[in-house]
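Chain and residue survey
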Amino acid sequence: MSAYQELLLTVAVGTGATAVMDLWLVLIRRLGVPVSGFGLVGRWIGHMPRGRFVHPSISRSAPVRGELALGWATHYVIGVA
């Protein structure tokens, strides 16, 4: 298997595994289990360039523009990595 094929397989498996996790989150949310969204992950990541890494409560921290998209992107980048 070439390095290109290995990379492609890695990306496919990581994306698939992350998507399965997302489906699981949808299922448990529909069953009434409270689930945090990825917007809070995006908010946390969005504060990092400003030098803020720790928050007493991320949900009470100031919103960051595009935090939901940033949270989803972070979720998939970590899942693939």
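Quantities reported herein were computed from a predicted structural model and do not represent experimental measurements. (Residues numbered from 1 in each chain as written. Predicted model: local features only at pLDDT ≥ 70, side-chain atom pairs only at ≥ 80, totals over all residues. Heavy atoms only, no water.)

1. Regarding a nonpolar patch on the surface
A surface patch of nonpolar side chains, about 430 Å² in accessible area, is lined by W24, L27, L31 and V33. Position of L31 among the secondary structure elements: in the loop between α1 (3–30) and α2 (39–47). (Patch = residues over 30% accessible without salt bridge, like charges linked within 9 Å, V, L, I, M, F, W, Y side chains within 5 Å. Areas by Shrake-Rupley, 256 points an atom, 1.4 Å probe, with all protein chains shown as cover. Salt bridge = Lys/Arg side-chain N within 4 Å of Asp/Glu carboxyl O. Helix = DSSP H or I, 4+ residues; strand = E, 2+ residues; numbered from the N terminus.)

2. A look at the pattern of salt bridges
Oppositely charged side chains may form a pair once their charged atoms are brought near each other. Applying the stated criterion across every chain yields a total of one salt bridge. With a shortest N-O distance of 2.8 Å, E67 and R43 are connected by a salt bridge. Placement of the pair is E67 in helix α3 (residues 67–80) and R43 in helix α2, with a sequence separation of 24 residues. Taken as a pair, E67 and R43 share a single burial class, namely buried. (Buried < 20%, exposed > 50% of the residue type's maximum accessible area, 1.4 Å probe, protein only.)

3. A few points about the packing of α1 against α3
Packing of α1 against α3 leaves a shortest axis separation of 8 Å and a crossing angle of 130 degrees. Considered as vectors, α1 and α3 are oriented oblique to each other. In terms of crossing hand, the pair formed by α1 and α3 is right-handed. Contact with α1, carried on its side by T10, V11, G14, T15, T18, A19, M21 and D22, involves W72, H75, Y76, G79 and V80 of α3 and no other residues of that element. Its residues assigned to classes, the contact of α1 with α3 shows six nonpolar, six polar and one charged. (Axes fitted to C-alpha atoms, helices over the stretch in contact; angles between N-to-C directions. Parallel < 35°, antiparallel > 145°, perpendicular 65-115°, else oblique. Left-handed = near helix turned anticlockwise from the far one by under 90°. Contact = heavy atoms within 4.5 Å. Nonpolar A, V, L, I, M, F, W, Y, C, P; charged D, E, K, R; others polar.)

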